[in-house]
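So the chains spell out like this:
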Amino acid sequence: ERWLGETRCIPQSVIAALRITEQEEFMPQSGKKERCICFNYFEGEQLINTKFRALPKLFKMVQGAELIPYNIDGIKGTPECIITEGELDAAAFVTAGRTDVISVPGGANRNLKWMDRFVDSHFEDKRVIYIAGDADPKGEELKQELLRRLGRERCRVVSYGEGCKDANELLVKAGPEALSQAL
């Protein structure tokens, strides 16, 4: 909680709202148990998957669990939504006052099969979809695939400005107002 608050500028209220937890988990990259931030992927009240993150940047998800967008319930029935590349970027937008935000489940890649189940129920009714991927080559690939799948006419691409790679970096450097302005 301290790391999220002090380093990533994610307040305790957002940590609680997104049901972010902490636990020790065996991480294959280090070969030992690590203290992890747990990004819990809920659909309704059912826990579908968890992404474990140890510091520095060790990741894993629950083996065999379904891949669904992080915070999928946040966009159900909303006229707009924001799609980010990572859970911390989604948390950054929640910090800036937007709850209609999801993160793709596996980072930036072109395989969007996870989206198929949600197209009609969560994306069909959107007037505006903000694509808020990272400003890097993988983020560009994700952006192009999302634009193709969701329709360019209703999508808007978010730019974070010079020197910022993603939403959380902009939040840390310039605050929630700057993130709102980027939209």
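Everything below is about the structure shown above.
What comes next concerns the included structure.

Definitions and cut-offs
Residues numbered from 1 in each chain as written. Predicted model: local features only at pLDDT ≥ 70, side-chain atom pairs only at ≥ 80, totals over all residues. Heavy atoms only, no water. Helix = DSSP H or I, 4+ residues; strand = E, 2+ residues; numbered from the N terminus. Rg over C-alpha atoms; globule rule 2.2 N^0.38 Å. Buried < 20%, exposed > 50% of the residue type's maximum accessible area, 1.4 Å probe, protein only. Contact = heavy atoms within 4.5 Å. Areas by Shrake-Rupley, 256 points an atom, 1.4 Å probe, with all protein chains shown as cover. Lys, Arg positive; Asp, Glu negative; His and termini not counted. Charge placed at Lys NZ, Arg CZ, Asp CG, Glu CD. Pairing = 2+ DSSP bridges. Axes fitted to C-alpha atoms, helices over the stretch in contact; angles between N-to-C directions.

The next thing to look at is the overall build of the chain. The helix and strand tally for the chain stands at seven helices and eight strands. Whereas a compact globule of 183 residues would reach a radius of gyration of roughly 16 Å, the chain reaches 16 Å, a difference of no more than 12%. The principal-axis extents of the C-alpha atoms in the chain amount to approximately 45 × 35 × 30 Å. In the chain, which comprises 183 residues, the share counted as buried stands at 50%. Counting contacts in the chain only where the partners sit at least 6 residues apart, residues at least 24 apart contribute 58% of the total. A total accessible area of about 9,100 Å² is found for the chain, and carbon and sulfur atoms account for 49% of it. Between the mean site of the 26 positive side-chain charges and the mean site of the 29 negative ones, the chain shows a separation of 2 Å.

With that settled, consider the environment of Ile82. Summarising the element assignment, Ile82 is placed in strand β5 (residues 80-84). A sequence separation of 50 residues divides Ile82 from Ala132, and the C-alpha atoms of the two residues are 6.6 Å apart. Here Ile82 is in contact with Phe93, Arg98, Asp100, Val101, Ile102, Tyr130, Ala132 and Leu183, once residues within four sequence places are set aside.

Attention shifts here to helix α3 (residues 87-95). Within α3, nine of the nine residues are buried, which leaves the element mostly enclosed by the surrounding structure. Among the residues of α3, Glu87, Leu88, Asp89, Ala90, Ala91, Ala92, Phe93, Val94 and Thr95 are the ones counted as buried. Remark: Gly97 follows α3 within two positions and exhibits a positive phi of approximately 100°.

Here the focus is unusual backbone geometry. The backbone of Arg19 sits at a positive phi, close to 55°, despite the residue not being glycine. Relative to the helices and strands, Arg19 is located in the loop between α2 (12-17) and β1 (21-27). Positive phi outside glycine occurs at Asn71, with the angle close to 70°. Relative to the assigned elements, Asn71 resides in the loop between β4 (58-61) and β5.

It is worth spelling out the sheet that holds strand β2 (residues 32-43) at this point. In spatial order, the strands read β1-β2-β3-β4; together these four strands make up an open sheet with antiparallel pairing. The open sheet has two edge strands, β1 and β4, and neither has a second partner. Neighbouring strand axes in the sheet, compared pairwise and without regard to direction, differ in orientation by 35° on average. Here eight bridges tie β2 to strand β3 (residues 46-54), and the two strands are oriented antiparallel to one another.

Attention now goes to the sheet that holds strand β8 (residues 155-157). Pairing is parallel across the open sheet formed by four strands, whose spatial order is β6-β5-β7-β8. Each of the sheet's edge strands pairs with one partner strand only, and the pair in question is β6 (101-103) and β8. Taken pair by pair, the neighbouring strands of this sheet meet at an average axis angle of 25°, ignoring direction. α3 contacts β5, β6 and β7 (128-132) of the sheet and is inclined by roughly 170° relative to β6. Of the strands in this sheet, β5, β7 and β8 are in contact with helix α5 (residues 137-150), which crosses β7 at around 165°.

Structural measurements only, silent on function.
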